[in-house]
Amino acid sequence: MTSDPMTNMWISFFAMGLMFISVVLTIFTKEKLSGFLRYLLLTISFICIMVAGFIIFFTVFAGPTPE
């Protein structure tokens, strides 16, 4: 992905943030909402977790970065 270790760290933090947003959005949606808005926010939550998964996958399998 990138060769800079600090950039990889920030990209990983962004992915973890997306995972956190996904969890909070899912819990809030399941507890408080119903109807179309519920399904819309659950779809956004699903997209967030998928994007985070792809980012982590590519970051992990890019291997160690040279110093």
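Residues numbered from 1 in each chain as written. Predicted model: local features only at pLDDT ≥ 70, side-chain atom pairs only at ≥ 80, totals over all residues. Heavy atoms only, no water.

J.: Which residues make up the environment of Tyr39, and what are the values?
T.: Inspection of the secondary structure assignment puts Tyr39 in helix H2 (residues 36-61). Tyr39 sits 28 residues away from Ile11 along the chain, and the two C-alpha atoms are 28 Å apart. (Helix = DSSP H or I, 4+ residues; strand = E, 2+ residues; numbered from the N terminus.)

J.: Any chance you could break down the environment of Leu42 for me, citing the residues and the numbers?
T.: Structurally, the position occupied by Leu42 is in helix H2. In this structure the C-alpha to C-alpha distance between Leu42 and Ile27, which are 15 residues apart in sequence, comes to 9.5 Å. Filtering out sequence-adjacent residues up to four positions away, Leu42 remains in contact with Thr26, Thr29 and Lys30. (Contact = heavy atoms within 4.5 Å.)

J.: Can you explain a nonpolar patch on the surface? Please cite residues and give values.
T.: On the surface, a cluster of nonpolar side chains totalling about 1100 Å² of accessible area is made up of Met19, Phe46, Ile47, Ile49, Met50, Val51, Phe54, Phe57, Phe58, Val60 and Phe61. At 10 residues, H2 tops the list of elements feeding residues into the nonpolar patch. Within the element layout of this structure, Phe54 appears in helix H2. Given the relative accessible area of 48%, Phe54 is considered partly exposed. (Patch = residues over 30% accessible without salt bridge, like charges linked within 9 Å, V, L, I, M, F, W, Y side chains within 5 Å. Areas by Shrake-Rupley, 256 points an atom, 1.4 Å probe, with all protein chains shown as cover. Salt bridge = Lys/Arg side-chain N within 4 Å of Asp/Glu carboxyl O. Buried < 20%, exposed > 50% of the residue type's maximum accessible area, 1.4 Å probe, protein only.)

J.: Quick rundown of the packing of aromatic side chains? Include the residues and the values.
T.: All told, the structure shown has three aromatic pairs when counted by the stated rule. Measuring from ring centre to ring centre gives 5.4 Å for Phe57 and Phe58, while their planes differ by 75°; the resulting arrangement is edge-to-face. Classification of Phe57 by relative accessible area gives partly exposed; the value is 42%. On the numbers, 4.7 Å between centres and 55° between planes, the contact of Phe57 with Phe61 is tilted. (Phe/Tyr/Trp six-rings, centres within 6.5 Å; stacked < 30°, edge-to-face > 60°.)

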